[in-house]
Structure formats: C-alpha cells, structure tokens
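Here's the letter readout for the chains.
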Amino acid sequence: MTTFDDILEEAGKFGRCQKRIFALLCMVSMPWAGVYVGIVFQGFTPDHWCWDPAVVERRQACGWSQADSRRLTVPVVNSSGELQASSCLRYEVDWNATGLTCDTKELNLSQMATTGCKDGWEYDYKGRRSFVTEFDLVCSDAWLVDMYQATLNVGFLVGSIAIGYLADRFGRKLSFLMSNLLNAITGMVVAVAPNYVALLVFRTLYGFGVKGGWVVGYVLITEIVGVEFRRTVGVIYQMFFSVGILILPLLAYYITDWRWLQVAITVPYVVFLSYYWFIPESPRWLLSQNQKIKAVKITEDMANENKMTLSKKIESLADDNTDSTSATFMDLIRTPKMRKHTFILSYNWFTSAIVYQGLIMRLGILGGNVYIDFLISGLVEFPAALLILFTIERIGRRLPFATANFVAGASCFITAFIPDSMFWFKTVVACIGRLGITMAFEMVVFVNTELYPTFVRNLGVSVCSTLCDVGGIVAPFLLYRLAVIWLELPLIIFGSLAFLAGALVLLLPETRGVPLPDTIEDIEFPER
C-alpha cells in the first residue's frame, strides 16, 4: 500500500503548486484580523456628554463655545480617582428662567440637582463614526458594546465545530467556499444593519463562518505539504493574521465610518469565492472517502505543476488513516495524564484569547493616537513567529511556551504601575507583553496536537480550542467593565491569568524529538 506521504516524495513536498495554494490561503488570515479586533475602530467610544436642546439654544444666544457650555452645564464627578465632567449626568435647570446669566464667570450651577441624559448625547467625534455613537451605546447601555465582541465569539465557537464537521463530511474545498459565501453575505448585512439587535444577530452569523473557514484553510494547506513543512506553513499561515493587524489601522484611518469599514473588511471574502478555480480538494480527504480516482487526478496535477514525474506507485495509493477507533470526550479525561493535558491546554487556550484580545481592545480606551498605538503593537507580533521557529527545535516546546506566558504576565503587571508620564517606556513594556502572548497563542496550536494520540487528536484540539472562544466571550466584559473601576485593573487580571498559564505549562512533558503518540498508553507510559 502506498500512502499519500509516499507519493508526495515524488510529487513534491512543497513545490510550486503547494506554494501557490499556500500563498492564496494565507490571504484568508488577513481579513480575519479585521473581523477579530475591528471593534477597536468600529466600536470606538468618543468623549461624550448630555445633549440638552435648551442648552444648545442658550449656547447660541450667549455665544458660548462648546467647551464653555460643557464646563458650565455638566456636573463634575469622581471617575477612577479623578474629577472629570460627567458623561451621563446634567444639571436639571430651567434655562428659560430670566435670572440665568450669560456671564461664564458668574454662572455657577454646582448646587443644582442633577438628572440623567434624557435627550441623548453630544459626541466629540474626532472625525470618526462608530456604532456606539450611532446607537447611543453609552452610560447605562455601555455594556451592550461588549456584546458586539461576545456574539462574534459565540459564532466562532459554534462555527468552528459545525464547519469542522462539514469539512470532514463534505470536503475541505466545499466547506471553505460555503463559509466564505456566508461571510460575504452576513458581513455586508452587518454593514447595513438597521438597529443594534439585527447587528448582533448577523455579527454572530458572521463569526460562524469566519473562523470555520479559516480553520478549514489551515487544515487544507497542512494536508497537501510534506510532514516536515507542516509546522512552518502553519506558523506562517497564522503570521499573516499579523499582516492584517497592520493593514487594519491604515484602513480605519482613511475609512472613518464604521459601516464602510465593515464593507472593506468583508470584500476579501467575496474575492475568496474565486478560489473555486485555483485551489484543489484535499487528496487526503478524498482518499478517506474512497474517492481514489479524484485523489489520483489532483495528485498528478500537483506533480505536473511541480515539474515532477510520478511512478507507478500511485496506482496503489490508499488512505493511511485506517484506524477505525472512535474517539469520545471521555478519552480526554479518563486517565490521569490525559486529564492533566486536557485541563492545562484548555486553560492556555482560554488565557491566550482573553489576554490577546484584551490587550488589543485596550488600545481603544487609552485615549492616545489609536492608529499609531495599534500599528506599533501589531509590528511586535512578527518576531513571535520567528522566535517560535528559532527555538522549538533548539530548546524545545515547554520552556519557550512557559516563558512566553511569563513575559506576557510580567509585562501586564509592570505596565499597570508605570505612570502615564513615562509614555514611551509604558508603550515598550506593553508591546513586550503583546509579543509574549502572541507567541503563547501561536504555540498552543501545535503543542496541542503533539500531546494527544492519533485517534483522539482532532477531537482533543477541537475540545480544548473551544475554550479560546469562551475566553473571547469573556474578554470584552472583563476589559471594559473593570476599566470603569480603574483603567489598569484589567492588566492585573491579565497578568495573573498569564502567570498561572506559564506555571501550568511547566507541568507538561517536553515533545521535542518525541514521536507523535498513537495510543493513550503512549501518553500514560511514555517510558515503555
């Protein structure tokens, strides 16, 4: 029997054909960045205060500036230890009373009763329009902004499982194309959503297709290259997400309306539908479905494009995954070491998602130049992939993985206590934390695959990685609600989570140079 890996020796393990397909699929990672963290720009909450039509009239009559009217008519409150003009209260004043003066020095309303923003809000737009300003998601409704990111991650959670099943049932190519069709439709509907409820519903469906399609692309490229190239293409495939991170602030700078920015993020998914003519179905999947004729045809086409010649061995090509053992969730927790691996890996997926998303979304509430801050923090992601490729075969998996978490945790703690006056030092330390958590996030993907036996490997990765989406659901609430109490409080939580993740990683076995396990006994008794 000849396996597909045997045929790749002749057809080319990473020839021109695979490089072309790889380049096309890497493009899929870039718009996903816009979907994943676009809330920083689309959900921007500008400085705001109560709108009062009577105050507007008085401002025009008295010739006050907007700053004067806000200073005089909005009460001062204690916010995170600082006295600031309230965003959610205004003085309850009869502005038609003749006793009120236009003199800004004499007018003092500090003893007047206050009330909520009955007539809406005024915004300091700073040239940007977000769904926050359009739907007035501030003050008592501010928590609804968190739902924008939470519903996306709900879609990720359900979609990655459902589309993963469909990819195994109906093929990688069809599932990839259908997910992109769903992305194109729902993404455009999000851009024209008439109200916030509709926005959240279609945002969930958007998430359903986006992550599932990305995962299918990851599976497809790793299935058509030689074994020794899988880890490299996997890391680079993820690295193109960082390219998307760099492109996003440039798009947001020139496209200041959140609806048009949503269109710009969605357009690539329309383009990806053209991949129907440029990428093949996975020959491995075809073999698993007993579609040998199609698998042979695609493999021959790959060999021709790679300018390679196949021998007659291809006539005996067969599926090399004939193990019919069915995996269940209980296999992941039944035995002590499997249980330990499942818990530690699940927690690391959870932590990586919370800290990574939290650090990015935090850029939108710091008050600085969000475009520059976002661009700088995106640049530090690139060394993460290079550090992984440099260290994993020289040092191993466990130590770099744990160190990345420790670096992220320490940076979060240190950043929280650096005064704002030391801006650049604070920025550098925060960027080091971003580098650490990016490295940890990318490492958990392949470490997960190396710690489970063959028959339960896919299930193990699927179960553990669902905690990534759970973390993504929690992250916006953790960041935005705690930041109201103290802006740096989320960093203390992020740092604690990352430190614990690093400590737990040290309890995992080293897998460098160790053959992939085939059975649970290989996990429980590795010395045999």
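Residues numbered from 1 in each chain as written. Predicted model: local features only at pLDDT ≥ 70, side-chain atom pairs only at ≥ 80, totals over all residues. Heavy atoms only, no water.

Points about the overall build of the chain
Scanning the chain from terminus to terminus reveals 22 helices and 6 strands. Counting only C-alpha atoms and orienting by the principal axes, one finds that the chain spans roughly 100 × 45 × 40 Å. Counting over 528 residues, the chain shows a buried share of 53%. Once local pairs closer than 6 in sequence are excluded, the contacts in the chain between residues at least 24 apart make up 81%. Within the structure as shown, the chain displays about 23,300 Å² of accessible surface, and the carbon and sulfur contribution to it stands at 64%. The positive charge centre, built from 43 side chains, and the negative charge centre, built from 47, are 4 Å apart in the chain. (Helix = DSSP H or I, 4+ residues; strand = E, 2+ residues; numbered from the N terminus. Buried < 20%, exposed > 50% of the residue type's maximum accessible area, 1.4 Å probe, protein only. Contact = heavy atoms within 4.5 Å. Areas by Shrake-Rupley, 256 points an atom, 1.4 Å probe, with all protein chains shown as cover. Lys, Arg positive; Asp, Glu negative; His and termini not counted. Charge placed at Lys NZ, Arg CZ, Asp CG, Glu CD.)

Comments concerning the packing of helix α1 (residues 4–11) against helix α14 (residues 292–305)
It is at 9 Å that the axes of α1 and α14 come closest, and there the two elements cross at 25 degrees. Classified by the angle between their axes, α1 and α14 sit roughly parallel to one another. Taken together, the residues of α14 that come into contact with α1 (itself represented by F4, I7, L8 and A11) are T299, M302 and A303. (Axes fitted to C-alpha atoms, helices over the stretch in contact; angles between N-to-C directions. Parallel < 35°, antiparallel > 145°, perpendicular 65-115°, else oblique.)

Considering the pattern of salt bridges
The final tally for this structure, using the stated rule, is 24 salt bridges. For E305, the salt bridge goes to R20, with nearest N and O atoms at 2.8 Å. Taken as a pair, E305 in helix α14 and R20 in helix α2 (residues 16–26) lie far apart in primary sequence, 285 residues in all. Using a relative accessible area of 24% as the deciding quantity, one classes E305 as partly exposed. Classification of R20 as partly exposed rests on a relative accessible area of 30%. The partner of R90 in a salt bridge is D52, with the nearest N and O atoms 3.0 Å apart. In this pair, R90 is assigned in strand β4 (residues 89–91) and D52 in the loop between β1 (48–50) and α5 (53–62), connecting sequence segments 38 residues apart. You'll find R90 and D52 in the same group, each marked buried. One network of salt bridges, in which partners are shared, links R231, E393, R397 and E450. (Salt bridge = Lys/Arg side-chain N within 4 Å of Asp/Glu carboxyl O.)

Observations regarding the state of the cysteines
Summed over the entire model, instances satisfying the criterion amount to 2 disulfides. Here C50 connects covalently by a disulfide to C117, the sulfurs 1.8 Å from one another. Across the disulfide from C50 to C117, rotation about the S-S bond amounts to roughly -65 degrees, and the bridge is consequently left-handed. With C50 in strand β1 and C117 in the loop between β5 (114–116) and β6 (121–123), the pair connects residues that are 67 residues apart, well separated along the chain. By relative accessible area, C117 is classed as buried at 12%. Sulfur-sulfur distance for the disulfide between C88 and C139 comes to 2.0 Å. (Disulfide = S-S within 2.5 Å.)

Points about the nonpolar core
Core analysis: the biggest nonpolar cluster contains 136 residues, and L25, F41, F131, Y196, L199, F374 and F494 have the highest contact counts within it. It is helix α15 (residues 336–362) that provides the largest number of residues to this core, a total of 13 residues. The contact partners of F41, leaving out residues within four places of it in the chain, are R128, S130, L248, P249, A252, L261, V370, Y371 and F374. V55, L72, V93 and W95 belong to the second-largest nonpolar core, a separate cluster that totals 8 residues. (Core = buried A, V, L, I, M, F, W, Y, C linked by side-chain atoms within 4.5 Å.)

Observations concerning a nonpolar patch on the surface
Taken together, the side chains of Y165, L166, F170, L174, M178, L181 and I185 present a nonpolar region at the surface, about 670 Å² in accessible area. Elements that contribute at least two residues to the nonpolar patch include exactly α8 (143–170) and α9 (172–191). Relative to the assigned elements, M178 resides in helix α9. Of the residues examined, M178 reaches a relative accessible area of 47% and is grouped as partly exposed. (Patch = residues over 30% accessible without salt bridge, like charges linked within 9 Å, V, L, I, M, F, W, Y side chains within 5 Å.)

A look at the confidence of the model for the chain
Averaged over every residue, the pLDDT of the chain is 87; residues scoring 70 or more account for 95%. Considering each helix and strand of the chain separately, the mean pLDDT is smallest for strand β2 (residues 76–79), with a value of 74, and largest for helix α12 (residues 258–271), with 97. (pLDDT = per-residue confidence, 0-100.)

Digging into unusual backbone geometry
You will see that C139, though not glycine, has its phi angle at about 55 degrees, which is positive. Take C139: it is sitting in the loop between α7 (131–135) and α8. The backbone phi angle of N290 is positive, close to 60 degrees, even though this residue is not glycine. Inspection of the secondary structure assignment puts N290 in the loop between α13 (283–288) and α14.

Concerning the packing of α8 against helix α10 (residues 196–223)
Their axes nearest at 6 Å, the elements α8 and α10 cross at an angle of 40 degrees. As judged from the angle between their axes, α8 and α10 are oblique. Viewed along their axes, α8 and α10 form a crossing whose handedness is right-handed. Class assignment of the residues belonging to the contact of α8 with α10 gives a composition of 17 nonpolar, 10 polar and 2 charged. (Left-handed = near helix turned anticlockwise from the far one by under 90°. Nonpolar A, V, L, I, M, F, W, Y, C, P; charged D, E, K, R; others polar.)

A closer look at helix α21 (residues 489–505)
In an α-helix, one turn spans 3.6 residues, which is why side chains three or four residues apart end up on the same side. Taking 1.5 Å as the rise per residue, α21 with 17 residues should run 24 Å; its terminal C-alpha atoms sit 25 Å apart, in good agreement. Of the residues making up α21, those classed as buried are P490, L491, I492, F494, G495, L497, A498, A501, G502, L504 and V505. (Expected span 1.5 Å × (residues − 1).)

Re the packing of aromatic side chains
Tallying each qualifying case throughout the model produces 33 aromatic pairs. Over the face of the ring belonging to Y276 we find K173, whose NZ or CZ atom lies 4.8 Å from the ring centre. Looking at R203, its charged tip hangs above the ring of Y148, at a distance of 3.9 Å from the centre. (Phe/Tyr/Trp six-rings, centres within 6.5 Å; stacked < 30°, edge-to-face > 60°. Lys NZ or Arg CZ within 6 Å of the ring centre and 35° of its normal.)

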